[in-house]
Amino acid sequence: MISIKNVQKTFGNHKVLEDINLEVSQSQIFALIGPSGAGKSTLIRTINALEPIDEGDIIVDGISIHDKKTNINAARTEIGFVFQSFNLYPFLTALENVTIAPINVKKMNNSEAEEKGKKLLSMLGLESKFQSYPSQLSGGQQQRVAIARALAMDPKVMLFDEPTSALDPEMINEVLDSIRSLAKTGMTMIVVTHEMGFAKEICDQIVFMADGKIVEVAPPEKFFSNPSTERAKGFLSKVLNH
Amino acid sequence: MLYSTDWSVIPNNMGLFLKGVLLTLEISVLALLFSIPIGIIVGLLRISRNKIVSFVATAYVEVMRGIPLLVLLFWIFFVMGQFLRLGPYWSAVLGLATFSGAFVAEIVRAGIQSVPKGQMEAARSSGMTYTQAMRLIILPQAFRKVLPPLASQFIILIKDSSLVSVISVVDLTLIAKNLVATSFRSLEVWTFVALLYFLITFTLSQIIRYFEKKYQVSE
């Protein structure tokens, strides 16, 4: 479903992504973890071409994302993206945030888009918040609206860039629950996260990155109990022992 | 000798004043209407990634900001107007619109750039084209942010419109000048004219304040 081949990217003379190769099959869930500055966010942002790459190829559902001939706008409708800082549209209600792209990009008619939007927001526990503006919502609610907004385009894959990092601790679980319920629907997902318990619980593979490289890819049972690289061991000893 | 006031000159010439006010309003509103699309287009071109496009837009803004409006009006009326047969009225509208448009462009550019980058990213990642993202997501937010500076710019435009009297457009200022020349009632006439300009601009700023409140979603 997502195929990342030999991706390279530099900022100036700093290599931010080096020889990245990754295969994610349909319905698989991958967690991208690693220390800050490892290139996790950069990598996930290259998958929908929010970041350009210097070399290599990224193929999502058969579409080469960085090919100049690709209609990137059409390709992006297949890829849902959830940001760390939500990036909701502050002048639109929760429901309008969810319906604006289906109406304008997919040319869905208003009533159909609204019906779908209401269904998605209800599914994420926001049935009483249709008409609320983002500023009237808590961080956790805002992030769930953002998830509904991404789902409204019927994406084939979902990308989450640290979806809980900007949240107060008591709100993290409501967002993780939403992602859990999405996992049950068989959605293909890549999640950049610092929530190790969550990664362990729902992910098929843990991708550990450091210094712009993928250091280790392993199933969570193996990765968390017996990582094969020193770099991963060092990282885990820092994040797990508290 | 003390100046003895005689305010009868005002009611006796109310028709003339009204005509002047109407023409001032007409020219200002036309210039305003043209300066908005000029400002939006030039403002958008200013932030274009195409270097030539942004250079041309920047050059326009710099030239317009660097020339006094009075000189620009003379130039349009006496130089360009001779070729294009514009006449005083359209020379005035064109001069005010192109002049004000440069300032509106700067306001629009600042407004767009004040919208957080994540808004464009969110819009683009949902499949919107750059143009759709601008129109549906960025400009509506930029518009709310630029209402106060835009209001000031439009008030300046109305006041600047008094300069068009020098290219013989019979606006409020020229009517007043002519009236003073015939009646010698400079205190009364100029005081009243100042009041009229104030009423126009004050009304405008109240209208804009209304829109500011209306669009003020708690952000």
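Since this is a predicted model, take the numbers as computed values, not measurements. Residue numbering note: each chain is counted from 1, following its sequence as written. Both sets of labels track the order of writing: A upward for chains, 1 upward for ligands. This being a predicted model, a pLDDT of at least 70 is required before a residue's local features are given, and a value of 80 or more before pairs of side-chain atoms are given or counted; all residues contribute to the totals for chains, interfaces and linings. Working from all heavy atoms in the structure, the side-chain values ignore hydrogens and water.

### Brief notes about the overall build of chain A
Note the following rule: Each helix corresponds to a stretch of at least 4 residues labelled H or I by DSSP, and each strand to a stretch of at least 2 residues labelled E; elements are numbered beginning at the N terminus. Taken over C-alpha atoms, the radius of gyration is set against a globule rule of 2.2 Å times the number of residues to the power 0.38. Accessibility here uses a 1.4 Å probe with only protein chains present; expressed as a share of the type maximum, an area under 20% marks a residue as buried, one over 50% as exposed, and anything in between as partly exposed. The method behind every accessible area is Shrake-Rupley, applied with a 1.4 Å probe, and residues are considered shielded solely by the protein chains displayed.
Each helix and strand in chain A was counted, giving 9 helices and 10 strands. A compact globule built from 242 residues should have a C-alpha radius of gyration of about 18 Å, and chain A, at 18 Å, falls within 12% of that. Taken over the C-alpha atoms alone, chain A extends approximately 55 × 45 × 35 Å along its principal axes. A burial count over chain A gives 57% of its 242 residues as buried. Element-wise, carbon and sulfur atoms account for 47% of the exposed surface of chain A, whose accessible area totals about 10300 Å².

### Examining the side chain of A:Thr70
Rule in force here: Throughout, a residue-residue contact means that at least one pair of heavy atoms, one from each residue, lies within 4.5 Å.
Topologically, A:Thr70 is positioned in the loop between strand E5 (63-64) and helix H2 (72-76). Among all residues touching A:Thr70, those that are not within four sequence positions of it are A:Ile63, A:Ser64, A:Ile65 and A:Ala75.

### Describing the sheet that holds strand E8 (residues 188-192) of chain A
Residue and element names in this part refer to chain A. Put simply, the rule reads: Being paired, for any two strands, means DSSP has found at least two bridges between them. The angle between two axes is taken between their N-to-C directions and runs from 0 to 180 degrees, where each axis is a line fitted to C-alpha atoms and a helix contributes only its stretch in contact.
What the 6 strands build is an open sheet, ordered E6-E7-E8-E3-E9-E10; its pairing is mixed. On the outer flanks of this sheet lie strand E6 (79-82) and strand E10 (213-218), each paired with one strand and no other. Mean inter-strand twist for the sheet, computed between neighbouring axes without regard to direction, equals 15°. Relative to strand E7 (residues 157-161), helix H1 (residues 40-47) is tilted by about 150°, and along the sheet it contacts strand E3 (29-33), E6, E7, E8 and strand E9 (205-210). Packed onto the sheet, helix H5 (residues 139-151) meets E6 and E7 and runs at close to 170° relative to E6.

### Observations concerning the interface of chain B and chain A
Put simply, the rule is: Here the buried area means the combined drop in accessible surface, using a 1.4 Å probe, for two parts upon being joined, counting both sides. Criterion for a salt bridge: a side-chain nitrogen of Lys or Arg within 4 Å of a carboxyl oxygen of Asp or Glu.
Listed as interface residues are 20 residues of chain B and, on the opposing side, 24 residues of chain A. Where chain B abuts chain A, roughly 1900 Å² becomes buried across the two surfaces, and 58% of that area is made up of carbon and sulfur atoms. In terms of surface lost to chain A, no three residues of chain B exceed B:Glu121, B:Ser125 and B:Ser126, which account for 25% of the buried area on that side. Linking chain B with chain A are 1 salt bridge. A:Arg45 is the salt-bridge partner of B:Glu121, the closest N and O atoms lying 2.6 Å from each other.

### A word on the UniProt feature "domain: ABC transporter" (unreviewed entry) in chain A
For the record, the criterion: UniProt positions are given in the numbering used here, feature names are shortened, and annotations may be inferred rather than shown by experiment.
Under the feature "domain: ABC transporter" (unreviewed entry), the UniProt entry names residues 2-236 of chain A. In residues 2-236 of chain A, the share of helix is 37% and the share of strand is 26%. The end C-alpha atoms are 27 Å apart.

### Regarding the packing of aromatic side chains
Stated formally: When two rings of Phe, Tyr or Trp (its six-membered ring) have centres within 6.5 Å they constitute a pair, described as stacked for plane angles under 30 degrees, edge-to-face for angles over 60, and tilted for the intermediate range. Only lysine NZ and arginine CZ atoms are considered, and such an atom sits over a ring when it is within 6 Å of the ring centre and within 35 degrees of the ring normal.
All chains considered together, the criterion is met by 11 aromatic pairs over all chains. On the basis of an interplanar angle of 45° and a centroid distance of 5.2 Å, the ring pair of A:Phe208 and A:Phe235 is categorised as tilted. Of this pair, A:Phe208 sits in strand E9 while A:Phe235 sits in helix H9 (residues 230-240); the two residues are 27 residues apart in sequence, bridging distant segments of the chain. For the residue pair A:Phe208 and A:Phe235, the accessibility class agrees, reading buried in each case. Where B:Phe77 meets B:Phe78, the ring centres are 4.8 Å apart and the plane angle is 65°; that geometry is what we call edge-to-face. Assessed through its relative accessible area of 46%, B:Phe78 is described here as partly exposed. The cationic tip of A:Arg149 hangs over the ring face of A:Tyr89; the distance from NZ or CZ to the ring centre is 4.6 Å.

### Focus on the UniProt feature "domain: ABC transmembrane type-1" (unreviewed entry) in chain B
Those places that UniProt annotates as "domain: ABC transmembrane type-1" (unreviewed entry) correspond, in this numbering, to residues 21-208 of chain B. The span residues 21-208 of chain B shows a helical share of 85% and a strand share of 0%, and its end C-alpha atoms are spaced 20 Å apart.

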